[in-house]
Amino acid sequence: AKKKGGHQFVYFTEQLAALNENQRLLVNNLNSALEKGEFYLVYQPIYGFSSESVVSFETLLRWKSPILGEVGPVKFISLLEENDSIIAVGRWLIREVALQVKHWENEGYKDIVVTLNVSVKQLLHPNFLHDVCSIIRETNVRPEMLVFEITESMVIQNIELATQTLLSLNDLGIQIALDDFGTGYSSLSILKMLPIQYLKVDRTFVKEVESDGGVSHTILKGIIDIANGLQLKTVMEGVETIEQLTLLKKMGAHRIQGYFISKPVLPEIAIEFVHNDRLI
Ligand code: C2E
Ligand code: CA
Ligand code: CA
Ligand code: CA
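Overview of the structure. (Residues numbered from 1 in each chain as written. Chains lettered and ligands numbered in written order. Predicted model: local features only at pLDDT ≥ 70, side-chain atom pairs only at ≥ 80, totals over all residues. Heavy atoms only, no water.)

## Some thoughts on the coordination of the calcium ion (ligand 4)
In this structure, Asp-180 (OD) and Asp-180 (OD) serve as the protein donors to the calcium ion (ligand 4), at separations of 2.7 to 3.1 Å. A spacing of 5.9 Å is found between the calcium ion (ligand 4) and the calcium ion (ligand 2). Mapping Asp-180 onto the fold places it in strand S6 (residues 175–181). (Donors = N, O, S within 2.8 Å, 3.2 Å for Na, K, Ca; no water. Helix = DSSP H or I, 4+ residues; strand = E, 2+ residues; numbered from the N terminus.)

## Details of a nonpolar patch on the surface
Residues Leu-188, Ile-226 and Leu-230 make up a contiguous nonpolar surface patch of about 260 Å² in total accessible area. For Leu-188, the position within the fold is in the loop between S6 and helix H8 (190–193). (Patch = residues over 30% accessible without salt bridge, like charges linked within 9 Å, V, L, I, M, F, W, Y side chains within 5 Å. Areas by Shrake-Rupley, 256 points an atom, 1.4 Å probe, with all protein chains shown as cover. Salt bridge = Lys/Arg side-chain N within 4 Å of Asp/Glu carboxyl O.)

## As for the coordination of the calcium ion (ligand 3)
Every protein donor of the calcium ion (ligand 3) is accounted for by Asp-179 (OD), Asp-180 (OD), Glu-237 (OE) and Glu-237 (OE), and the metal-donor separations fall at 2.2 to 2.6 Å. Mapped onto the sequence, the donors of the calcium ion (ligand 3) take the spacing D-D-x56-E. The calcium ion (ligand 2) is placed at 3.9 Å from the calcium ion (ligand 3), the two being bridged by Asp-179. Highlighted residues: Asp-180 in strand S6 and Glu-237 in the loop between strand S8 (233–236) and helix H11 (242–251), separated in sequence by 57 residues.

## Considering the side chain of Thr-163
With respect to the secondary-structure elements, Thr-163 resides in helix H7 (residues 159–172). Engagement of the side chain of Thr-163 in a polar contact is seen with the backbone oxygen of Ile-159, the distance being 2.6 Å. When neighbours within four sequence positions are excluded, Thr-163 is seen to be in contact with Met-193, Leu-194 and Pro-195. (Polar contact = N/O pair within 3.5 Å; in protein donor to acceptor, adjacent residues only side chain to side chain. Contact = heavy atoms within 4.5 Å.)

Below you can see the structure in the form of structure tokens.
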């Protein structure tokens with residue numbers, strides 16, 4: 001038994017060492033990814049029921065490392081947050097999106113709203129508003145075309161500063177979406193505190209809307225009612241089937257996003273979804 005225990009121990013530390021090695025490799029490569037131009041952006045279409053067309057896109061960050069290949073955002077974004085490089089990457093991202101919006105505008109797509117994810121470190125950083133303002137000035141983007149997505153779990157860390165910053169963004173013309181709504185320890189009072197225009201409902205509800213005996217259906221209906229009462233637009237995430245789409249439309253959701261419309265794609269492909277009558 002002693003021998004076996006020893007063997008297990010060695011095995012365990014080897015695994016741990018390998019894990020640390022991987023992590024170190026990840027962090028080392030990530031540190032130079034921005035300057036090496038290894039980040040790029042994909043855009044996922046958001047479909048609006050009232051106009052029966054793609055009205056918006058969510059920007060999602062991608063990293064292709066020549067050494068590690070494609071690394072998923074769930075893996076690297078928390079690392080960017082840990083060592084504060086999310087500030088520089090986030091600033092780069094907002095500028096890229098602003099330039100993309102201008103580019104589409106020049107091509108004749110004048111009312112495409114683009115959303116992007118803002119992390120807590122970014123939002124609460126003392127230079128954030130200043131950076132956003134200078135990007136708007138430099139690129140000449142219309143702030144009304146931008147939506148910043150924030151998650152509730154992050155804003156409750158410093159609700160006062162977050163609210164102040166969101167109000168200032170609203171003043172600039174930038175709209176706010178509350179992301180992943182309904183997950184974590186959601187509290188409805190957040191809806192009273194935060195100046196938001198969109199509710200993005202987490203995909204867990206959509207996923208089970210037909211399978212959990214009406215529970216998700218009831219919750220979704222409630223969320224839509226609340227959103228309507230507060231004059232917020234709802235965006236349902238993770239719509240993968242025509243059945244889900246039909247149901248959500250009947251329930252009065254405003255917008256949907258998910259693989260049924262499209263996966264996140266490169267901007268040249270994303271724009272093809274606008275004014276595409278044969279979509280649904
Ligand atoms: P999120 O903001 O909730 O983004 C939606 C995620 O759901 C995306 O994953 C998207 O590809 C995925 N998704 C969309 N439609 C469907 C569907 O129909 N089915 C399924 N199963 N999944 C769907 P992705 O791109 O891997 O991003 C994961 C998370 O990483 C994002 O969740 C967001 O929290 C974070 N993230 C991505 N880009 C950024 C960024 O630029 N900045 C920050 N701070 N976070 C980001
Ligand atoms: Ca999001
Ligand atoms: Ca989300
Ligand atoms: Ca999420």
